Amino acid sequence: MTDVAILYFSGYGHTVKQAEALEVGASSIQGTKVDVLRIDENGDLPDVGWDKLKDAKAIVFGSPTYMGGPAWQLKRVADASSKPWFSQEWKNKIAGGFTTSITTNGDKASTISYFVTLAMQHSMVWAGTAVMPANAKANGPDDAGWTGGMTGALAIAPSDASPEEGAAKGDMETARLYGARIAEMAMKLN
Ligand SMILES: Cc1cc2nc3c(=O)[nH]c(=O)nc-3n(C[C@H](O)[C@H](O)[C@H](O)COP(=O)(O)O)c2cc1C
């Protein structure tokens, strides 16, 4: 049984949709068990969360981009991960990251870069999306890879869009494909 843990925070519900798409993608790979661990508004993990992270073969970090980086709630858990860091508990696990923000750019790359650094601190192995950019004239928000970010999954949720209206169809598909890739990579570790 392969375990993919999706460890994330969402303040207003938009990043939830991205996490759900990742879950669908990871679950589509046969034999994969997915644990979704949502950090609460106080920056706490569910009690079982740390054990699940220890057991997982892959951890995907997610947060909205707030002020050009991850939300403090995610960072609180990242700081608390200094405990498993001491014994390098997460060493050689597959790592990935995703973020939602309001604007096309919005400094989402800073959030993803933070996740890469966190993963490197834990001696994890980073997996990019492997979703090719959809960059022709005919391409747009309905297409996976339309934002062109290959390090992690990006989503744009307009300021007046409810979580249900959500980010573009292409962003959700990118997250779904990324979830499947993470699960496949985790399976190769077996
Ligand atoms: C405190 C705060 C800071 C934000 N900073 C940024 C930012 O730097 N770049 C950006 O594009 N959007 C920014 N936003 C917008 C959020 O990224 C956007 O609303 C996102 O969809 C929220 O995700 P959530 O619903 O999962 O919390 C910010 C929102 C808040 C509340």
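Everything that follows concerns the structure shown earlier in this document.
What you see is a predicted model; the values in this text were computed from it and never measured.

**Focus on the environment of Thr100**
Thinking step 1. The residue Thr100 is located in strand β5 (residues 94–101) in this model.
Thinking step 2. Accessibility expressed as a relative area gives 5% for Thr100, which makes it buried.
Thinking step 3. Taking the C-alpha atoms as reference points, Thr100 and Gly62, 38 residues apart in sequence, are found 8.5 Å from one another.
Thinking step 4. Those residues in contact with Thr100 that lie beyond four places of it in its chain are His14, Thr15, Gln18, Ser63, Pro64, Thr65, Ala155 and Ala157.

**Observations concerning the site of the ligand**
Thinking step 1. Among the 17 residues in the neighbourhood of the ligand, the closest are listed as Ser10, His14, Thr15, Thr65 and Tyr66.
Thinking step 2. Separating an oxygen atom of the ligand from a backbone N or O atom of Gly68 is a distance of 2.9 Å.
Thinking step 3. Protein coverage of the free-state accessible area of the ligand, which is 630 Å², stands at 79%.
Thinking step 4. Sorting the residues of the shell around the ligand by element identifies α1 (14–27), β3 (58–66) and β5 as the ones contributing at least two each.
Thinking step 5. Sort the elements by how many residues they give to the shell around the ligand and β3 lands first, with three residues.
Thinking step 6. Looking at side-chain class alone, the shell around the ligand contains six nonpolar, 11 polar and no charged residues.

**Quick look at the pairing of β3**
Thinking step 1. By the criterion of burial, β3 is predominantly enclosed, with eight of the nine residues buried.
Thinking step 2. Here seven bridges tie β3 to β5, and the two strands are oriented parallel to one another. Looking at β5, one finds that Ser63 is bridged to Thr99.
Thinking step 3. Of the pairings in the sheet, the one linking β3 to strand β4 (residues 69–70) comprises two bridges and is antiparallel in character.

**With respect to the side chain of His122**
Thinking step 1. Among the structural elements, His122 can be located in the loop between α5 (108–121) and β6 (125–126).
Thinking step 2. Assessed through its relative accessible area of 2%, His122 is described here as buried.

**Notes on a nonpolar patch on the surface**
Thinking step 1. On the surface, a cluster of nonpolar side chains totalling about 450 Å² of accessible area is made up of Tyr12, Tyr66 and Met67.
Thinking step 2. By the element assignment, Tyr12 lies in the loop between β1 (2–9) and α1.
Thinking step 3. Residue classification places Tyr12 among the exposed residues on the basis of a relative accessible area of 67%.

**So, the packing of α1 against helix α6 (residues 169–188)**
Thinking step 1. Across the interface, α1 lies against α6 with an axial gap of 6 Å and an inter-helix angle of 45°. Here α1 is positioned oblique relative to α6, judged by the angle of their axes. Once α1 is placed against α6, the crossing between them reads as right-handed. Taking contact as the criterion, the partners of Lys17, Gln18, Ala21, Leu22, Val24, Gly25 and Ala26 in α1 are, on α6, Met172, Ala175, Arg176, Tyr178, Gly179, Ala180 and Ala183.
Thinking step 2. Taken together, the residues that form the contact of α1 with α6 break down as nine nonpolar, three polar and two charged.

**So, the pattern of salt bridges**
For side chains of opposite charge, pairing can occur when their charged atoms come near one another.
Thinking step 1. The final tally for this structure, using the stated rule, is seven salt bridges.
Thinking step 2. In this structure, the salt-bridge partner of Asp3 is Lys33, at a minimum N-O distance of 3.7 Å. One end of the pair, Asp3, is in strand β1; the other, Lys33, is in strand β2 (residues 32–39), with 30 residues separating them in the sequence.
Thinking step 3. Residue class for Asp3 comes out buried when judged on its relative accessible area of 14%.
Thinking step 4. The exposure class of Lys33 is partly exposed, given its relative accessible area of 33%.
Thinking step 5. Asp79 is the partner of Lys75 in a salt bridge, and the nearest nitrogen-oxygen pair spans 2.5 Å. Placement of both Lys75 and Asp79 in helix α3 (residues 72–80) is noted, with a separation of four residues, approximately one turn of the helix.

Thresholds applied
- Residues numbered from 1 in each chain as written.
- Predicted model: local features only at pLDDT ≥ 70, side-chain atom pairs only at ≥ 80, totals over all residues.
- Heavy atoms only, no water.
- Helix = DSSP H or I, 4+ residues; strand = E, 2+ residues; numbered from the N terminus.
- Buried < 20%, exposed > 50% of the residue type's maximum accessible area, 1.4 Å probe, protein only.
- Contact = heavy atoms within 4.5 Å.
- Near = heavy atom within 4 Å.
- Polar contact = N/O pair within 3.5 Å; in protein donor to acceptor, adjacent residues only side chain to side chain.
- Areas by Shrake-Rupley, 256 points an atom, 1.4 Å probe, with all protein chains shown as cover.
- Nonpolar A, V, L, I, M, F, W, Y, C, P; charged D, E, K, R; others polar.
- Pairing = 2+ DSSP bridges.
- Patch = residues over 30% accessible without salt bridge, like charges linked within 9 Å, V, L, I, M, F, W, Y side chains within 5 Å.
- Salt bridge = Lys/Arg side-chain N within 4 Å of Asp/Glu carboxyl O.
- Axes fitted to C-alpha atoms, helices over the stretch in contact; angles between N-to-C directions.
- Parallel < 35°, antiparallel > 145°, perpendicular 65-115°, else oblique.
- Left-handed = near helix turned anticlockwise from the far one by under 90°.

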